[in-house]
Amino acid sequence: MIDETVREIEELQTQSSSVVAVKAARALGDVLEREHPTVEEFLLDLQRSSDALRRANHSHAPLYTSQDRIVSAVSEPEPESVDAGNERLESAIDEVVSDIESSKDAAAERAATLIDDGDTVLTHENSSTVMATFDAALAAGTTFSVYATESRPRLLGRRTVRQLADREGVEATLVIDSAAGHFLADCDRVFVGMNCLVGDVVYNRIGTFQIVTAAAAQDVPVTVAAASAKFVGGGFEFENPERPHPEVIREPADGFAVANPGYDATPTEYIDSIVTENGVMEF
């Protein structure tokens, strides 16, 4: 399961950083199935497995923080036996997964209160926390409309509108990325997710910066919905992967280059609020 999860993360088959963190945490359950003659070998196997998962994507902050939390919970202090280590690992995985999922749901519940009946909102890509926000708003009986950008080159916006298509109370429209500024004039708010917050910079899927700055120019408030686990302190360096050029153009790139970064950086000065399970940060 670890090797399979590593491949999924490397190939961005799983998009949401929260979902990635949950899958990676559960993948460490493989360590429980292996034989370890000594505590030292058990801890070495756990560390190597966790390192492999972390190396799969250096841009996912929740992946880094959740793996670090699990390894620390198991190894500090060193368990007295392999069985004790296995018990700690199983407990740590369950606790981390529960915390990630409950944090996302709590953040979404808070963010949903910012959607008023009859609002029109715009979102980019397919943030699991933003989708949970829409679910919470619909559960509260709020009716609203959503513009979802295509979010090229992975076309994540198609997933967003398909998930909303059959929901009563919401009208979803897929728009091309370059039309986001055009449709912002009709919007009451922009909702985006967040890969991580490092200092005063929000890193998120490529295309976020241009939408946020266009919204700021038109006085449309921008809200980031995310779990607090995406706030990163020391020890984490964000790396922006260059994605394969066939995602952009299928034929050979003969005589020219193709730029396909995975993420962009948005200063918090352009954002109105970040909503987490702990509260609302306003800027």
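None of the values given here were measured: they were computed from a predicted structure. (Residues numbered from 1 in each chain as written. Predicted model: local features only at pLDDT ≥ 70, side-chain atom pairs only at ≥ 80, totals over all residues. Heavy atoms only, no water.)

Caption draft 1: Representation of the environment of Ser17. By secondary structure assignment, the location of Ser17 is in helix H2 (residues 17–27). When the C-alpha atoms of Ser17 and Ala61 are compared, they prove to be 7.5 Å apart, with 44 residues separating the residues in sequence. If we ignore the near neighbours within four places in the chain, the residues touching Ser17 are His60, Pro62, Met194, Asn195 and Lys230. (Helix = DSSP H or I, 4+ residues; strand = E, 2+ residues; numbered from the N terminus. Contact = heavy atoms within 4.5 Å.)

Caption draft 2: The arrangement of the packing of aromatic side chains in detail. This structure, assessed with the given rule, holds six aromatic pairs. For the pair Phe134 and Phe191, a centre-to-centre distance of 6.3 Å together with 85° between the ring planes defines the contact as edge-to-face. Of the two residues, Phe134 sits in helix H6 (residues 128–139) while Phe191 sits in strand S4 (residues 189–192), which places them 57 residues apart along the sequence. For the pair shown, Phe134 and Phe191 are each scored as buried. Where Tyr147 meets Phe183, the ring centres are 4.7 Å apart and the plane angle is 40°; that geometry is what we call tilted. Residue Tyr147 is found in strand S2 (residues 144–149), and its partner Phe183 is found in helix H8 (residues 180–184); the two are separated by 36 residues along the sequence. (Phe/Tyr/Trp six-rings, centres within 6.5 Å; stacked < 30°, edge-to-face > 60°. Buried < 20%, exposed > 50% of the residue type's maximum accessible area, 1.4 Å probe, protein only.)

Caption draft 3: Up close: the side chain of Thr266. For Thr266, the position within the fold is in strand S9 (residues 263–267). Of the residues examined, Thr266 reaches a relative accessible area of 1% and is grouped as buried. Aside from chain neighbours lying at most four places away, what touches Thr266 is Asp200, Val201, Val202, Thr208, Phe209, Val212 and Ile271.

Caption draft 4: Representation of the sheet that holds strand S3 (residues 170–175) within the structure. Taken in spatial order, the seven strands of this open sheet run S3-S2-S1-S4-S7-S10-S11, and their pairing is mixed. The open sheet is flanked by S3 and strand S11 (279–282), the only strands paired with a single partner. The average undirected angle you get between the axes of adjacent strands in this sheet is 25°. Note: strand S1 (residues 119–123) against S4, three bridges, orientation parallel. Residue pairing in the sheet places Thr123 in a bridge with Phe191 of S4. Contacts from helix H7 (residues 156–164) reach S1, S2 and S3, with the element oriented near 160° to S3. In the packing of helix H9 (residues 208–217) onto the sheet, the strands contacted are S1, S2, S4 and strand S7 (222–225), and the crossing angle to S4 comes to about 160°. (Pairing = 2+ DSSP bridges. Axes fitted to C-alpha atoms, helices over the stretch in contact; angles between N-to-C directions.)

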